[in-house]
Amino acid sequence: MKKLFRTYALLAAAVVAVALLSVSCIKDSDLTAGEKASVTMTFTTRVSDNVTAENLLDNEQMRKLRVIVARSGTNDIIYNVSYDIQPDERWKTIRFSELTVNKDGENFDFYAIANEDAFLTDGKSLEGKNVDLGALKAHILNKDFNSPALSLIPQAAFTTIKVGPNEQKKAQMKLLFPLVKVVLNFDNQTGEPVGLTNVQIDGTADQGYLFKDVDKRPEYPPTAGMGTVKFGTEGALTVPAGEVDDVAPFVRYLYPWNHDDGWKLTATWGSSPHEAVFKVNNEVLKKLQHGQQLNVNVLLIANSLKVSLTVSDWTVDDQILDFSTEFNGLLNPASAGSVKLIADKGAVAVATDNDGTQREATFSFKMFSPVGVRWTAHLENTSEFELTGTTSGYGAKDAVDVTFGVKPKFEHVATDAKSVKLYITVEQPFGGAGSDGIQVINPEENGIYRFPGTETEIEIRQVSESEFDGLTESVSIKE
């Protein structure tokens, strides 16, 4: 039987879009005046070293990403944002724009958590700006991620970055699985299915830290107990003579742990018990670490069970994608009058639709190159505004227009006008390493931008419904 998993690589491309760099921008609009700066952070999910499909197992996918940014000295939370991640997104880039810092610069703590629903229980939430960051950083997981098999797996990362006045900083955070993945790869040479019982690993920890290597603390929770992890159904496992259709019985997750006696796999075949101590280069494996994958290769032949072990990172992220063509895309109003301008033409206008009249700004977009690469539309502020319609797609020589819109989420407040920037990214930066994947969608024409904003961003502002209805100027469609 062939190995259960196959290598799949990941790029943590500069500022990204997840499969199209998913980039978002956020403003530090609640802070007092000071020098401005920004941090563009790329958050990379992890790709397994050994998978059956051409991606992570479903339960290992990053489905939701939360990012909390706080001032290191005070733990004051500046941003607490979350994003739903699409199935084929492999990383996400967020630009925290207009950070307010003092003249000497300041340290900011970045907390990144994927799939928080995997461990939050009893109505607990990470929403808002009152999260206990000390408790979050020290959080201990105690869930059995093998019950049920292939339960949703979280990922996490923490880092501190110093930002100076007017600095435009770029950085990456690689989210790490807080678990060890164990994969049983059977080579059944008996010619028929084999039934095994008592397939298990003893001496496993029952809890572990969400974040790895933060603060000065023991590497493992001191109260972690010793337990047993069983494969299949309570240790009963049927190994087919051919390909494995369902990998769930053969994959388990352990908490990192130190064990002077090491670990061993036990199994009973018929009435004969078998056991094998995990060794690497003839040395007993005594330490399990965050993000490791244990590939346990088991040979079944004539009532003989032989085990070999390879240990690898649960990830492969050192391969570079090859993109050789430049960006070529066209952004337009979806129809005549669908992108209105405010009175001074300084922004695109949007308004609520309480009376049923559509007042969002609707755009059309198509990308001719790079072919086969994903593009994604983004808003810097998803708490006040939202995208509608088709917000991502792939480049094609015969690309057709897709339509998406921008609309406000809440009522207009005259004394607190809201605005947002729209921009588009692709999976790999084009036009230089500093492009962050953000593309030129609004080029100057005779010294004038078609849309209000810059060459890469469209400025959008919320107005009242009555003001919107009275506007007559709009952006024209470019053929």
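Residues numbered from 1 in each chain as written. Predicted model: local features only at pLDDT ≥ 70, side-chain atom pairs only at ≥ 80, totals over all residues. Heavy atoms only, no water.

This brings us to the sheet that holds strand 26 (residues 361-369). A sheet is described by the order of its strands in space; here four strands give the open sequence 24-26-30-28, paired in antiparallel fashion. A strand with exactly one partner marks an edge of an open sheet, and here the two such strands are strand 24 (328-333) and strand 28 (385-389). Neighbour to neighbour, the strand axes of the sheet diverge by 25° on average, direction disregarded. Of the strand pairs in this sheet, strand 26 and strand 30 (residues 402-408) are connected by five bridges, and their pairing is antiparallel. In the strand pairing of strand 30, Ala361 is matched with Val406. (Pairing = 2+ DSSP bridges. Helix = DSSP H or I, 4+ residues; strand = E, 2+ residues; numbered from the N terminus. Axes fitted to C-alpha atoms, helices over the stretch in contact; angles between N-to-C directions.)

Counting buried residues in strand 10 (residues 180-188) gives eight out of nine residues, a clear majority hidden from the surface. Relative to strand 22 (residues 292-301), strand 10 is paired through eight bridges, and the arrangement is parallel. The residue bridging Lys181 from the neighbouring strand is Gln293, located in strand 22. (Buried < 20%, exposed > 50% of the residue type's maximum accessible area, 1.4 Å probe, protein only.)

Oppositely charged side chains can pair when the atoms bearing their charge come close. The final tally for this structure, using the stated rule, is 21 salt bridges. Residues Lys181 and Glu60 are paired through a salt bridge, measuring 2.9 Å at the closest nitrogen-oxygen approach. With Lys181 in strand 10 and Glu60 in the loop between strand 2 (35-44) and strand 3 (64-71), this residue pair connects regions lying 121 residues apart in the sequence. Here Lys181 and Glu60 have matching classes, each one buried. Across the pair Lys287 and Glu219 runs a salt bridge whose closest N-O atoms are separated by 3.2 Å. Of this pair, Lys287 sits in strand 21 (residues 287-288) while Glu219 sits in the loop between strand 12 (208-209) and strand 13 (226-230), placing them 68 residues apart in sequence. (Salt bridge = Lys/Arg side-chain N within 4 Å of Asp/Glu carboxyl O.)

Another point: unusual backbone geometry. Peptide bonds are mostly trans, and most non-glycine residues show a negative phi. A cis geometry characterises the amide bond from Ser147 onward to Pro148, with omega recorded as 0°. Its location among the elements puts Pro148 in the loop between strand 7 (140-141) and strand 8 (155-163). Although it is not a glycine, Asp122 adopts a positive phi angle of roughly 55°. Turning to its location among the elements, Asp122 is positioned in the loop between strand 6 (106-114) and helix 1 (133-137). Taking relative accessible area as the criterion, Asp122 reaches 74% and is therefore assigned exposed. Even without being glycine, Asn198 reaches a positive phi, approximately 55°. Note that Asn198 resides in strand 11 (residues 194-205).

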